[in-house]
Structure formats: C-alpha cells, structure tokens
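A structural walkthrough
In case you want the letters, here they are:
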Amino acid sequence: MLLFNSYFIWGLLFMPSLAVAWEPGVYPAPPQRMHSSGFSVDRTQRNDVVAFWHAVYQASEGYEKRVDWTGNFSGDKGTTSAFFQDDVERRLNYFRAMCGISSDVGVNTGSKIFIDPIDLYKPPTSTLKSAAAQSAALMLVRNYNSSNGANPALNHNPSSSLTGWSTSAWNASSKGSFAFGLYGPGAVTEYMIERLTTTATLSLWNTEVGHRRWNLYPNAKDYASGDQPGEGVNNPPTNVLYVIQNPDEIVQLPSPVFVAYPAAGFFPANINSPYWSLSSSTLNFSSASVRMTDQNGNAIPIANIRRDSNYGDPAIIWEVASAAAVRSVSRDTTINVFVSGITPKLNVPSNLISNITDYNYSVVLINPNVITNDQSIFGLATIA
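Here we summarise the structure given alongside this text. What you are looking at is a predicted structure, and each value in this text was computed from that prediction instead of being measured. (Residues numbered from 1 in each chain as written. Predicted model: local features only at pLDDT ≥ 70, side-chain atom pairs only at ≥ 80, totals over all residues. Heavy atoms only, no water.)

We now examine the sheet that holds strand S9 (residues 275-279). Remark on secondary structure: sheet strands pair via backbone hydrogen bonds, oriented parallel or antiparallel. With respect to topology, four strands assemble into an open sheet ordered S7-S9-S14-S13, the strand pairing being antiparallel. If you trace the sheet from one side to the other, it starts and ends with strand S7 (259-261) and strand S13 (302-308), each paired once. Each neighbouring strand pair of the sheet contributes to a mean axis angle of 15°, computed without reference to strand direction. Pairing geometry for S7 and S9, over three bridges, is antiparallel. Across the sheet, the residue bridging to Tyr261 is Ser277, located in S9. (Pairing = 2+ DSSP bridges. Helix = DSSP H or I, 4+ residues; strand = E, 2+ residues; numbered from the N terminus. Axes fitted to C-alpha atoms, helices over the stretch in contact; angles between N-to-C directions.)

Written as structure tokens, this is what we have:
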C-alpha cells in the first residue's frame with residue numbers, strides 16, 4: 001500500500017472530440033469547459049506539451065469545488081456532480097494521451113459491473129460500476145480508525161462484517177484501485193506517480209505500478225470513479241477507481257508497440273515518478289534489462305528491476321535514482337533509456353509478432369510553466 005499524508009492508496013488494479021486541444025480558437029467558449037476526451041499531443045514539440053498541460057491537465061484542477069457529494073458518513077453513499085466526473089475523465093484521458101494511447105475512455109458512463117464466475121459474491125448484474133465504486137469508497141472511510149490508522153476495508157476481499165459492506169462494494173473493491181486521503185483527479189494523478197512522499201509505505205501495487213498499468217491499459221473503454229471528499233481527520237477523502245473491463249468493453253484498436261511512463265519526448269516533471277515502466281501487449285520482458293544515462297552519457301543508477309505480467313499488459317519496472325525521479329526542474333533535463341533482451345510474447349498471433357529486441361528512447365523532463373523559445377514579435381514597426 002502507499003501512504004499519502006498519513007493515508008493510504010491501494011489498487012488492484014459525451015463531449016465533442018478535441019483532436020488538438022491547445023491550438024488557438026479551439027478552446028470551448030465560457031461557460032463551457034474543456035472537453036474530457038478525444039485528445040492527442042505531439043510530445044516532440046515542447047510548446048504542444050506545455051499547452052496541453054495548461055489546457056487539459058489544469059482544467060481538472062479545482063475539482064474540490066465541483067464535487068457536490070450528496071452522501072453522508074452514516075450510510076448514504078451519495079453521488080457526485082457531472083462536472084466533477086468530467087474532471088476525473090479528463091485527468092485520466094490526459095495521461096493516456098500523454099502516453100500515446102486512446103484518450104477516449106469514459107468514466108461513469110452507465111457501464112455494468114464485471115462479475116467473474118469465481119467471485120465469492122455476485123451483486124445483481126444490473127449494478128452500475130459507478131454505484132459499486134461509490135459504495136466501496138464510502139465503505140473505506142466508514143471503517144477507518146483515526147486513533148491508530150487501521151482500516152480493514154483496505155482489502156480486495158473485504159470481510160462481510162465490515163461497516164457498510166455490500167456485494168456491490170465488495171465487487172468494486174475486488175476490481176478497482178483504492179485511494180485513501182485522496183479523491184477525484186488527485187487520486188488519478190497519484191495512481192500514475194505511484195508515490196507521493198519519500199516516507200510513504202509501499203506495496204507491490206506501487207513498486208510494480210499496478211494502478212498505472214490499469215489506467216494505461218490501451219484497449220480499455222469504461223472506467224468508473226467512486227468518490228467522497230472527506231470531512232476532518234476522522235473522515236478522510238477516498239476514491240475507488242473501477243478498472244476491470246467487461247469483455248464487450250475491450251476495444252480492439254491498434255495499440256502502440258510500447259507504452260512508457262514517463263513517455264518519450266517532452267514530459268512535465270510535475271508528474272514524474274520514482275518508478276519508471278515500459279509495457280507491451282505483444283512483447284515479453286522476463287529476460288529484459290534496462291540502463292539509463294543523463295544527457296552527457298553518464299550512467300544513472302537504477303534499482304529494484306521488476307518484470308511483471310499481472311496488471312494490464314506485461315511490463316518491466318525499475319526504480320530510478322533521485323536525479324531521474326525529480327518532480328521539479330529548473331531547466332530541461334534529458335534522460336536516456338536503453339532496454340534490451342526483449343522477446344516476443346507467447347501465444348501472440350503471427351501477424352502481431354515483432355522482432356524487436358531492444359528499445360531506446362529519451363525523456364526530456366520540463367517545467368511546463370516555462371517557455372524556452374524566443375517570444376519576440378517580428379514585423380513592421382507600424383501597422384499597415
């Protein structure tokens with residue numbers, strides 16, 4: 001598990017399309033807000049990444065004023081506002097677009113829960129993912145003991161003896177990511193970073209970036225977010241993000257060969273992570289190795305290399321030194337990544353098999369609040 005501000009994050013893990021979200025003239029006119037899906041960004045262009053950050057990522061900030069939770073801590077799970085749910089969807093699609101995969105996923109779309117034949121408990125098949133996630137989010141906070149920090153609800157198989165337990169809350173807990181002390185877009189960001197503070201308590205979900213990999217599952221279509229904003233130290237905010245897809249929600253779109261985080265190209269240091277990852281649906285990393293260098297070719301130490309196939313697509317994950325894990329930079333910082341020993345994944349159709357054995361790429365960490373190119377205006381001294 002992952003400790004955030006003395007709380008925990010665990011995990012299992014229709015608006016018009018806006019193809020180029022940052023060009024002048026395409027911003028929604030007030031009082032409309034930035035769209036929540038259909039984005040793309042060119043990470044080879046620094047200005048595009050900067051504008052994408054301000055137009056899309058920042059559009060979901062201030063969500064605390066839009067949550068409008070209607071529930072209470074005595075048992076009413078309540079609902080959240082449509083504007084807030086758009087904030088969550090926009091934040092999730094921002095990260096997916098930054099990583100080069102489909103940014104058309106929906107959040108709280110009316111999708112029904114997934115029921116596995118081996119599930120211990122089976123809610124009515126008509127149960128919505130959003131309702132199940134909302135029930136699970138309330139169950140998380142109702143079982144929190146503020147005197148000692150214990151919370152037995154932080155479990156993917158929560159006991160039926162828990163306060164607020166229901167078959168739907170169990171279902172979302174077994175098929176979702178947990179955030180305790182965070183909610184909404186803030187929780188989505190921390191699912192991606194996988195660690196907020198250097199004193200956080202970690203689990204395999206963090207060191208194997210399980211939350212992130214479910215968020216970046218290329219073929220996913222429908223997610224659901226259950227949230228309550230909290231009230232004082234005894235009732236911290238919580239989020240349950242329902243990540244498992246029904247079979248008919250798997251979108252068969254051409255997937256990129258690799259999904260990296262941080263992604264190649266210009267990348268805001270604000271959302272950097274101490275755990276870097278590279279995943280693929282068609283390749284195998286079980287024998288792969290990784291090394292990193294700075295822009296001068298000096299080796300950057302890495303540790304705890306993991307290779308995992310349990311969450312989303314198979315991936316290689318490694319912990320980077322503090323020089324590469326920075327969340328703030330004063331100047332653009334290039335980090336080079338070299339992954340070797342990649343092999344084809346077993347049971348992949350022959351037309352999808354790739355002969356790639358090595359993958360090299362560079363990440364340029366930037367401050368998205370700084371423009372580096374010349375902003376001088378050129379032209380005649382007088383208006384024609």
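So much for the structure itself; the text now carries on.
Let us look at the pattern of salt bridges. Should their charged atoms come close, side chains of opposite charge can pair. Under the counting rule described, the total for this entry stands at nine salt bridges. Across the pair Arg91 and Glu61 runs a salt bridge, and its minimum N-O distance is 2.7 Å. One end of the pair, Arg91, is in helix H2 (residues 82-98); the other, Glu61, is in the loop between helix H1 (46-57) and H2, with 30 residues separating them in the sequence. Judged by its relative accessible area of 35%, Glu61 is partly exposed. Note that Lys175 is salt-bridged to Asp119, the shortest N-O span being 2.9 Å. (Salt bridge = Lys/Arg side-chain N within 4 Å of Asp/Glu carboxyl O. Buried < 20%, exposed > 50% of the residue type's maximum accessible area, 1.4 Å probe, protein only.)

Attention now goes to the packing of aromatic side chains. All told, the structure shown has 20 aromatic pairs when counted by the stated rule. Ring centres of Tyr63 and Tyr183 lie 5.3 Å apart, and the angle between their planes is 80°; on these two criteria the pair is classed as edge-to-face. Of this pair, Tyr63 sits in the loop between H1 and H2 while Tyr183 sits in the loop between strand S4 (176-180) and helix H5 (184-193), and the two are 120 residues apart along the sequence. When sorted by exposure, Tyr63 lands in the same class as Tyr183, which is buried. These aromatic residues form a ring-pair network of at least three members: Phe39, Phe52, Trp53, Tyr57, Tyr94, Phe95, Tyr261 and Phe267. Note that Arg91 overlies the ring of Tyr57, its terminal NZ or CZ placed 3.7 Å from the centroid. Seen from the ring of Phe338, Arg291 lies directly overhead, with NZ or CZ sitting 4.1 Å from the centre. (Phe/Tyr/Trp six-rings, centres within 6.5 Å; stacked < 30°, edge-to-face > 60°. Lys NZ or Arg CZ within 6 Å of the ring centre and 35° of its normal.)

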